[in-house]
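The chain contents come next:
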Amino acid sequence: MVESGDKVREDFFSEAQEIVETLSRNLLKLDDAHRTKRSDPGLVNEAFRAVHTLKGLSSLFGAQTMGNVAHHLEDILDDLRLGRVPLDDRVVDVLFRAVEVFNELLASEKSASPPPSQAVEALLARIRQIGAPEGPVAATGPIEYDLDVGMLAVLTEYEEHRLRTNIEQGNRLYRLRVRFDLVTIDKALEEIKESAKKFGEIITYLPTGDAGSADTIELDLLMASMADVPTLNRELGAENVIVEEIPRIGGAAIKAETAEAAERIVNAEVLEQGMSLVPNAQRELVSGRDKDTVSLRSVSQTVRVDIRRLDHLMNIVGELAIVRGTLAKVSERVRGEGQRSLAMELQRLHRTFERRLAEMQAGILEVRMVPLGQVFERLARVVRQISREVHKEIRLVITGSETEIDKLIVEELSDPLMHMIRNAIDHGIEVADKRAQVGKPPIGTIALNAFQKGNHVMLEVEDDGRGIDETAVLDRAIRLGKVSPEEARELTRLEVLSLIFLPGVSTRDSVDDLGGRGVGMDVVKNNISKLGGVIDVHSETGIGTKIAITLPITLAIVSALLMRASDQTFALPLSSVSEAIPFDGSVVRNIDGHSVMSLRGTTLPICRLDEMFGLERTTGIPRRQFAVVASLGARRLGLVVDQLVGEQDIVIKPLGRSLRDVRGFAGATELGDERVGLVLDAAAIIEEVLAGTESALRGARLGYG
Amino acid sequence: MLRILLVEDSPSMRRFARTALEDLKKQLGELEIVEATSGFDALRWLPRGRYDLVVTDINMPDVNGLELVRFIRQSPVHRSVPIVLISTQSSERDRERGLGLGANAYLVKPFAAEDLQRTAVQQIGNASS
Amino acid sequence: MASSLLASRSRAALRKPTDRGPIREFLAISLAGQLYGVELIQVQEILSPPPLTIVPRAQRYVLGVCSVRGQLVTVVELKRLMRLAEGGAVRRARILLSICSGEVVGFFVDEVRQVLRLSESEIEPSASALGGEAPEHVIGIGRPGGGEVLILLDLERTLSR
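Residues numbered from 1 in each chain as written. Chains lettered and ligands numbered in written order. Predicted model: local features only at pLDDT ≥ 70, side-chain atom pairs only at ≥ 80, totals over all residues. Heavy atoms only, no water.

A few words on the packing of aromatic side chains. Per the counting criterion, the structure on display carries five aromatic pairs over all chains. Consider the rings of Phe-16 of chain B and Phe-111 of chain B, whose centres lie 6.0 Å apart with planes at 45 degrees: the pair is tilted. Taken together, the positions of Phe-16 of chain B in helix α1 (residues 11-22) and Phe-111 of chain B in the loop between β5 (105-108) and α6 (113-128) put the pair 95 residues apart, joining distant regions of the chain. We note that Phe-16 of chain B, like Phe-111 of chain B, is buried. When the ring centre of Phe-48 of chain A is taken as reference, the NZ or CZ atom of Arg-81 of chain A above it lies at 3.7 Å. (Phe/Tyr/Trp six-rings, centres within 6.5 Å; stacked < 30°, edge-to-face > 60°. Helix = DSSP H or I, 4+ residues; strand = E, 2+ residues; numbered from the N terminus. Buried < 20%, exposed > 50% of the residue type's maximum accessible area, 1.4 Å probe, protein only. Lys NZ or Arg CZ within 6 Å of the ring centre and 35° of its normal.)

Rendered as structure tokens:
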């Protein structure tokens, strides 16, 4: 404890006295304001601060009674300023009485005479009567302002309360950006405070941290005011003061300033317009919206993250994965050299490392995950718009919008999904009359379903329209030369339907009663497979069509098989690998120009990676190679490589735009040592080798099995 | 020579803290304590050199302690200076926020001079290790 | 392995025009024995070439991809992009990193010489210098007072041909 010398005690008394006097003056003003029904939150706050300081002082200098009274008074004032207790006559009386008691206490301390205990007790009793507010202040509905999360994070509890109160009162929010000269900052600050007070309340002052120069400071003033922008600009604007309104988001009447804001407003419309949504779907959309609607409180608990930072973190995790692999190898070597106990320790370390790494990976991935509802909501709008255009009544049923998937995938999904829905509306759902003729309800239904299945997310787009016309598809395919009439006869239903994924087949040049062309399903399929997904189509004539998409949950880290061909290392995601078998040239047979080999009684088409990619060889073809069987759905292809390096977790990085025409690669990955390996795109490679008219057919006979 | 920035708007509180910190000269050697009377004042002192420790109150008018912590953590020069918060018993949430923004430790009023001294030594020590 | 031009770039930012007119800074490089200039603000970084991974089926001018501090960068040979003669010094070769259409691309050059400051009067715009059919990626000709003449290039445009 600080030594209580005389000088120190004198210090205490004089400061305490000063505070009590300030408090007294302040209370007079407060009383005045209260009686004339004006409210000045600043006064309550000043009173609070005064008593708070007094409390601190008292405990420092051992003035216990005083400290105790100050403590209880502080609580009341806190309740007052946070709005938990209203300012009424009773409270004002107690406050004045408190000032009197403080003076008595100070006098008694100074003259070392007994403290006025009775007076103190009486005061405390009255204070206790005031306390205990009714309960939490009723929370108002969600308030949406385009407030910087960073700004909210540095508000003290009191400032946040002031902000909320102002918003509830319907005041507008402004940000005043002010630049002060360090030399004159005090004066300039006082000036702006005085001027601003006339128009509203300044909630807080935030240094922007923008080091314009060494002798100026820039601050953002968060201000609430009833005045409008032109007024504030006129009165407060200056060369070093910039007034900016913080726009409100949400509520149909307010102008939306951002695209996000616009989307939220539209969602409200979607719900209102009674799209005859099935209750299930309605709940889905509402919950999607609620997730977007943010109250002041929850905003402060979330952080906006730039996905590039997450990518950076994922990179690091990827590199740690490489380290882990090396650790495993080292531990093996140590064991091999007979150092058993050391090896066991290393093993244990490795296992722990692996577990923690997996946890961290999962944690970061979680941050990247966003609910599909985001995309679904946009689609709902599209549906409404298009159905109006084509004069068809459509209802959209959505399930599983809370299903989560990697943010990057979500961003790439909206286009393909939009195409499919467009197709469903344009060419799938019939006009009301036609539907009535075949006994269907006049309102067409399109269903969007999403659900998680293991490591994948399944997305289905279903409609109850006329289904895909196989004859038309076949005709088109034949006319475009994708398939010959003879081959056409031998195709199964599934194969015919799959023809729509060939370029040109699913677009229509002719103008039918719906007008417009469909969008190529080949484009959609391409987009999906770039994401590492697969697309399947099912259809029944007259009943409807269902398109099913399987997507990996995340693009980020995948387990891959590393292999070498012609001195180059390639990676193939394990999800596309069914097995790897020893290979040598003798097992190869040639059927109609295609290389195949026998695998447990079935025929496996093969492809030499070095030939496919035109890789140069510095040495001859090794006698013993490997065939890595890449599989996608029911199709398989054996990729012949020189060497298998091993399994590794990799982070797939997409190739830049400059390389977008290069087919066959899903991206590239770091191999450690700053070396880079290309990641094979199994779907594209299988497609390339097994596609083409005759090959497609042969593929049908050969690859399936 | 160690430099400490002390930010506190209550004069006697400031004096108390200053006295406690000055006592550390025996332990830490030459000490310069720079006093700022408000968050603003601190903004004026920060560009004038480096500090080995910042002790600041949270609840100050205008520029509050939280804003000061954030400002310091975003400043290239002062980014890693240890920050000790002075907070009241009731404002746990403000305290948590301060820690979340990057402050290193906190003291709850009322505290003894020894507490402040111990925390200061610890934080200065941590930073230089 | 990496060197940076941050210092010279910030100097460029503070440049005040002289009476010779506003100054532009160019990085003088050598390609197939000829001197070229690339506008300094277009260059983020200069590297010694790291190990490159060949990308099969890419355009001829793509030398491959590499990793720069974790970021995947496509490396193109500037000589090939401009259809100049092949071959040349390897030891002094460098890669210039530049952002083209949002992507970080590495341009492989034979040699990096120096930074030249050219005033407007020392730059002859391509229209007048090369006659009517000036290729888009050539900004003009630089004639630094008392120095070697150099052809000034716009990196991004060389790629978008």
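Next comes the rest of the description.
Attention now moves to the interface of chain A and chain C. Counting residues at the interface gives 23 residues for chain A, matched by 16 residues for chain C. When chain A packs against chain C, close to 1,800 Å² is buried across both sides, 58% of that on carbon and sulfur atoms. Ranking the residues of chain A by area buried against chain C places Leu-659, Glu-674 and Val-676 of chain A at the top, with a combined share of 30%. The interface formed by chain A and chain C includes one salt bridge. Arg-57 of chain C serves as the salt-bridge partner of Glu-688 of chain A, at 2.5 Å between the closest nitrogen and oxygen. (Contact = heavy atoms within 4.5 Å. Buried area = accessible area lost by both parts, 1.4 Å probe. Salt bridge = Lys/Arg side-chain N within 4 Å of Asp/Glu carboxyl O.)

This part takes up the side chain of Ser-87 of chain B. Following the sequence through the fold, Ser-87 of chain B ends up in strand β4 (residues 83-87). A distance of 3.1 Å separates the side chain of Ser-87 of chain B from the side chain of Arg-95 of chain B, its partner in a polar contact. (Polar contact = N/O pair within 3.5 Å; in protein donor to acceptor, adjacent residues only side chain to side chain.)

Here we come to the side chain of Asn-64 of chain B. Positionally, Asn-64 of chain B belongs in the loop between β3 (53-57) and α4 (65-74). Accessibility expressed as a relative area gives 0% for Asn-64 of chain B, which makes it buried. One polar contact links the side chain of Asn-64 of chain B to the main-chain amide nitrogen of Leu-66 of chain B, over a distance of 2.8 Å. Contact partners of Asn-64 of chain B, with chain neighbours within four places excluded, come to Val-154, Leu-155, Thr-156, Glu-159 and Thr-204 of chain A together with Ile-58 of chain B.

Here we take up the sheet that holds strand β15 (residues 589-591) of chain A. Residue and element names in this part refer to chain A. Taken in spatial order, the six strands of this open sheet run β14-β18-β19-β17-β16-β15, and their pairing is mixed. The outermost strands of the open sheet, each flanked by one partner alone, are β14 (577-583) and β15. Averaged over all pairs of adjacent strands, the angle between strand axes in this sheet comes to 40 degrees, irrespective of strand direction. (Pairing = 2+ DSSP bridges. Axes fitted to C-alpha atoms, helices over the stretch in contact; angles between N-to-C directions.)

Residue and element names in this part refer to chain B. Within β4, five of the five residues are buried, leaving the element largely enclosed by the surrounding structure. Burial of the side chains of β4 extends over both faces: Ile-83, Leu-85 and Ser-87 are buried on one face and Val-84 and Ile-86 on the other. The sheet contact formed by β3 and β4 spans four bridges and is parallel. Residue pairing for β4: Val-54 is matched across the bridge by Ile-83. In terms of handedness, the path from β3 via α4 over to β4 forms a crossover that is right-handed. Sheet topology places β4 next to β5; four bridges connect them, and they run parallel. Residue pairing across strands places Leu-85 opposite Tyr-106, the latter belonging to β5. In this region the chain leaves β4, passes through helix α5 (residues 92-101) and returns to the parallel neighbour β5; the handedness of that crossover is right-handed. (Right-handed = clockwise from strand over helix to strand, strands pointing away.)

Okay, α4 of chain B next. Residues and elements named next belong to chain B. For α4, the buried fraction is high: nine of the 10 residues fall into the buried class. Here α4 has its buried residues at Gly-65, Leu-66, Glu-67, Leu-68, Val-69, Arg-70, Phe-71, Ile-72 and Arg-73. Sitting at the amino-terminal end of α4 is Asn-64, which places a side-chain oxygen 2.8 Å from the backbone nitrogen of Leu-66.

The next point concerns the sheet that holds β3 of chain B. Residue and element names in this part refer to chain B. With parallel pairing, the five strands of this open sheet are ordered in space as β2-β1-β3-β4-β5. Only two strands of the sheet have a single neighbouring strand rather than two, namely β2 (31-36) and β5. Neighbour to neighbour, the strand axes of the sheet diverge by 20 degrees on average, direction disregarded. Contacts between α1 and the sheet are confined to β1 (2-7), β2 and β3, with β2 contributing the most and set at about 170 degrees to the helix.

Here chain C averages 80 in pLDDT, and 80% of its residues register 70 or above. The ipTM value of the predicted complex is 0.83, and its pTM value is 0.42. (pLDDT = per-residue confidence, 0-100.)

This part covers the interface of chain B and chain A. Taken together, the contacts link 33 residues of chain B with 36 residues of chain A. Taken together, the two surfaces of chain B and chain A that pack against each other cover about 3,000 Å², and 56% of this comes from carbon and sulfur. Three residues stand out in chain B for area buried against chain A, namely Phe-40, Arg-44 and Glu-67 of chain B, and they jointly supply 20% of the buried area on that side. With a shortest N-O distance of 3.7 Å, Arg-15 of chain B and Glu-15 of chain A are connected by a salt bridge. Elements represented by at least two residues in the side of chain B that touches chain A include exactly α1, α3 (39-45), α4 and α5 of chain B. A breakdown of the residues in the side of chain B that touches chain A according to their chemical character gives 15 nonpolar, seven polar and 11 charged. (Nonpolar A, V, L, I, M, F, W, Y, C, P; charged D, E, K, R; others polar.)

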